[in-house]
Structure formats: structure tokens, C-alpha cells
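A closer look at the structure
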Amino acid sequence: VQLQASGGGLVQAGGSLRLSCAASGRTFSNYIMGWFRQAPGKEREFVAAIGRRGGSTYYGDSVKGRFTISRDNAKNTVTLRMNSLKPEDTAVYYCAADVGVVLTSAQRNYDYWGQGTQVTVSS
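A brief report on the enclosed structure follows. Predicted model, so just to flag it, every value in this text is computed and none were measured. (Residues numbered from 1 in each chain as written. Predicted model: local features only at pLDDT ≥ 70, side-chain atom pairs only at ≥ 80, totals over all residues. Heavy atoms only, no water.)

1. Concerning the sheet that holds strand β7 (residues 67-72)
Pairing is antiparallel in the open sheet, where four strands are placed in the order β1-β3-β8-β7. The strands lining the two open edges of the sheet, one partner per strand, are β1 (2-6) and β7. Each neighbouring strand pair of the sheet contributes to a mean axis angle of 15°, computed without reference to strand direction. In terms of strand pairing, β7 meets strand β8 (residues 77-82) through six bridges, oriented antiparallel. Residue pairing in the sheet places R71 in a bridge with V78 of β8. (Pairing = 2+ DSSP bridges. Helix = DSSP H or I, 4+ residues; strand = E, 2+ residues; numbered from the N terminus. Axes fitted to C-alpha atoms, helices over the stretch in contact; angles between N-to-C directions.)

Right, here's the structure in full:
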């Protein structure tokens, strides 16, 4: 499956952004979808994941309560709604697809990755 992330940009602290990831090539609903991010000089970290049908979600501690992941299997897209953004949310955000059946934050479980979209939060 091919993944294309979009929606990044520059926003002030406290603002909101919505990232989208469009999938193509294979049956989208066969994949758990996740978002990860990597800030300059830091390791890539887990942000959120959503089950194949969208009924289950899982969030990293640093974004819980501020970010919401959702998916539309009819449109082959997964969305990350980011509210109350902080400067420490600045990073390149990646979407990823996992053929497994259990939501996981482990990067090694994700089989396909998009190219990333930059999110910059100014203070």
C-alpha cells in the first residue's frame, strides 16, 4: 500500500491542525493505521493508532486528550486532528500501515510508511 500524508504547516501554540493520509494500492480496511512523529535530533515516536474498522484507538501519552485519530475506509483515508498544539509537537509526522491485528505503538510492526509532513508550532 502507498501512503501520502498531507496537512502539515505552521501554527501558533494553542491552535489546531488536521493531518490526512491517503492510501492506495491495496484494501485499506485490511490495515491498522498509525501516526508517528520525529522531531529534530530525536527518535521517532508513536502518536496514535486506529483499528481496521475504526472502533478502537490508541494514543501516546504526550498527545492523549489533544489529538484524535479517525479513518474513513470508503475514502481510504486516516486523519489526525490535533488540538491545543504545543511547540513540543513540532515534528515531521508520518502515517504508517500495519497488517497485524493488534494496535501497537511499536514501529517495527508497521509495514508501510508515508513520506511525512512537517508540523511547526510557534510559541
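2. Points about the pairing of strand β5 (residues 45-50)
Of all six residues that make up β5, five are buried, and the element is covered over most of its length. Relative to β5, strand β4 (residues 32-38) is paired through five bridges, and the arrangement is antiparallel. Paired with F36 across the bridge in β5 is F46. Where β4 folds back on β5, the antiparallel hairpin that results is connected by six residues, among which G41 adopts a positive phi of roughly 75°. With three bridges joining them, β5 and strand β6 (residues 57-59) adopt antiparallel strand pairing. (Buried < 20%, exposed > 50% of the residue type's maximum accessible area, 1.4 Å probe, protein only.)

3. Description of the packing of aromatic side chains
The final tally for this structure, using the stated rule, is six aromatic pairs. On the numbers, 5.9 Å between centres and 85° between planes, the contact of Y31 with Y112 is edge-to-face. Of this pair, Y31 sits in the loop between β3 (17-24) and β4 while Y112 sits in strand β10 (residues 112-113), and the two are 81 residues apart along the sequence. A relative accessible area of 4% means that Y31 is categorised as buried. Residue classification places Y112 among the partly exposed positions, given a relative accessible area of 25%. (Phe/Tyr/Trp six-rings, centres within 6.5 Å; stacked < 30°, edge-to-face > 60°.)

4. Some points on the pattern of salt bridges
On inspection of all chains with the given rule, the structure shows four salt bridges. The salt bridge partner of R37 is E45, with a shortest N-O separation of 2.6 Å. Between D89 and R66 there is a salt bridge, and its shortest N-O distance comes to 2.7 Å. Of the two residues, D89 is situated in the loop between β8 and β9 (91-98) and R66 in the loop between β6 and β7; the sequence distance between them amounts to 23 residues. On the accessibility criterion, R66 (12% relative accessible area) is buried. A cluster of three or more residues bridged by salt bridges with shared partners is formed by R37, E45, R66 and D89. (Salt bridge = Lys/Arg side-chain N within 4 Å of Asp/Glu carboxyl O.)

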